[in-house]
Amino acid sequence: ARASQLICDGRVSVAVFYSPSTVTAVRDCVATWPKASRIVSIGERTAEACRDHSLIVAAIAREPSAQGVYEAIRDVLERRGGQESRQHRASRLA
């Protein structure tokens, strides 16, 4: 229950799903997925389970390994950082 509360509070930047059953279990606890939380999937089957539960997958690991998941998380966070930087610059110019 603690993890689901952290997700609901928007305090999770990236959630990693390792199996379709985990997607179902988390989705049963979290009614509305926060827009600020990104989802990384270890593989295509797990990503499909996310989509079946109306979750948007930000990245799928290139290989189902710790290294593959690490690279997917890094890519998501780098893209997110670039978006925040652009938004910050735009707000300064306004």
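For the structure, check the block above.
Residues numbered from 1 in each chain as written. Predicted model: local features only at pLDDT ≥ 70, side-chain atom pairs only at ≥ 80, totals over all residues. Heavy atoms only, no water.

### Let's talk about the state of the cysteines
Now for step 1: In total, this model carries zero disulfides according to the counting rule given.
Now for step 2: For Cys8, which is in no disulfide, the shortest distance to another cysteine sulfur is to Cys29 and amounts to 8.7 Å. (Disulfide = S-S within 2.5 Å.)

### A closer look at the nonpolar core
Now for step 1: Ranked by internal contacts, the top residues of the largest apolar core, which has 13 residues, are Phe17, Val23, Trp33, Ile39, Cys50 and Leu55.
Now for step 2: Here this core gets three residues from one element, more than from any other, and that element is helix α3 (residues 44–52).
Now for step 3: With near-sequence residues (within four places) excluded, Trp33 lies in contact with Ile7, Ala15, Phe17, Val26, Arg27, Ile39 and Leu55.
Now for step 4: Counting five residues, the second largest nonpolar core, distinct from the first, contains Val14, Val40, Ala59 and Ala72. (Core = buried A, V, L, I, M, F, W, Y, C linked by side-chain atoms within 4.5 Å. Buried < 20%, exposed > 50% of the residue type's maximum accessible area, 1.4 Å probe, protein only. Helix = DSSP H or I, 4+ residues; strand = E, 2+ residues; numbered from the N terminus. Contact = heavy atoms within 4.5 Å.)

### A closer look at unusual backbone geometry
Now for step 1: Residue Ser54 is not a glycine yet carries a positive backbone phi of 60°.
Now for step 2: Checked against the element boundaries, Ser54 lands in the loop between α3 and β3 (59–60).
Now for step 3: For Ser54, a relative accessible area of 62% puts it in the exposed group.

### Side note on the environment of Pro20
Now for step 1: The residue Pro20 is located in helix α2 (residues 20–29) in this model.
Now for step 2: Judged by its relative accessible area of 26%, Pro20 is partly exposed.
Now for step 3: As a C-alpha pair, Pro20 and Ala47 span 27 residues in sequence and 7.9 Å in three-dimensional space.
Now for step 4: Apart from the residues within four sequence positions on either side, Pro20 is in contact with Arg45, Thr46 and Ala49.

### Considering the pairing of strand β2 (residues 38–41)
Now for step 1: Bridging between strand β1 (residues 14–17) and β2 involves four bridges; their strand directions are parallel. Within β2, the position partnered with Val14 by the bridge is Arg38.
Now for step 2: Each parallel crossover has a hand, and for β1 linked through α2 to β2 it is right-handed.
Now for step 3: When β2 meets β3, the two strands line up parallel, connected through two bridges. Bridge pairing links Ser41 to Ile60 in β3.
Now for step 4: Read from β2 through α3 to β3, the crossover connection turns out right-handed. (Pairing = 2+ DSSP bridges. Right-handed = clockwise from strand over helix to strand, strands pointing away.)

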